[in-house]
Amino acid sequence: MGRVFFDTRKNVQSVTAAYVVLPSDSGKTFILNAAAGVAVTLPSVANMQKGWNCRFIIGTAFATSDWVVTATAAIMRGGVVNLEGGADTVDGPSTTGGT
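What comes next is a walk through the structure. (Residues numbered from 1 in each chain as written. Predicted model: local features only at pLDDT ≥ 70, side-chain atom pairs only at ≥ 80, totals over all residues. Heavy atoms only, no water.)

**Considerations on the overall build of the chain**
The secondary structure content of the chain amounts to zero helices and eight strands. For the chain, the sequential pattern of α-helices and β-strands runs β-β-β-β-β-β-β-β. In the chain, which comprises 99 residues, the proportion classed as buried is 17%. The long-range fraction of contacts in the chain, counting pairs at least 24 apart against all pairs at least 6 apart in sequence, stands at 55%. Summed over all atoms, the accessible surface of the chain reaches about 7300 Å², with 55% contributed by carbon and sulfur. (Helix = DSSP H or I, 4+ residues; strand = E, 2+ residues; numbered from the N terminus. Buried < 20%, exposed > 50% of the residue type's maximum accessible area, 1.4 Å probe, protein only. Contact = heavy atoms within 4.5 Å. Areas by Shrake-Rupley, 256 points an atom, 1.4 Å probe, with all protein chains shown as cover.)

**Some points on the packing of aromatic side chains**
In total, this model carries two aromatic pairs according to the counting rule given. Ring plane angle 50° and centroid distance 5.6 Å describe the contact between Tyr 19 and Phe 30, whose orientation is recorded as tilted. Of the two residues, Tyr 19 is situated in strand S2 (residues 19-20) and Phe 30 in strand S3 (residues 28-32); the sequence distance between them amounts to 11 residues. The pair Tyr 19 / Phe 30 is uniform in exposure class, with both members buried. (Phe/Tyr/Trp six-rings, centres within 6.5 Å; stacked < 30°, edge-to-face > 60°.)

**Some points on the nonpolar core**
In this structure, Val 15, Tyr 19, Val 21, Phe 30, Leu 32, Ala 34, Val 40, Leu 42, Trp 52, Trp 67 and Ala 71 together form the largest nonpolar core, which totals 11 residues. With sequence-adjacent residues up to four places away left out, Tyr 19 is seen in contact with Gln 13, Asp 25, Phe 30, Ala 39, Val 40 and Thr 41. (Core = buried A, V, L, I, M, F, W, Y, C linked by side-chain atoms within 4.5 Å.)

**Quick look at the sheet that holds strand S6 (residues 68-70)**
With respect to topology, three strands assemble into an open sheet ordered S2-S4-S6, the strand pairing being parallel. Edge positions in the open sheet fall to S2 and S6, since each of these has one partner strand only. Two elements, S2 and strand S4 (residues 39-41), share two bridges in a ladder whose sense is parallel. Following the sheet pairing, Val 20 is matched in S4 by Thr 41. (Pairing = 2+ DSSP bridges.)

Listed below in structure tokens is the structure:
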């Protein structure tokens, strides 16, 4: 029997301005759609359940400033993948103590 996926598109959100990610956003894909990058703040670990996750995809090339994803505490695990063949840049390691 094959896999059946229902309502997979409703878990995608376009971000065009600063956004504070909610604990209920677990599993969501955020499309970063602003030419001037803005701040995205992840929820605190105390408000997350084990296995909490999200994904960020660049939808619009940022021309003037970077997107900043901030963890409020604890350890954030992840990485950067550049699908256009350019250099991947991250300030610090992909596992960080948050800011």
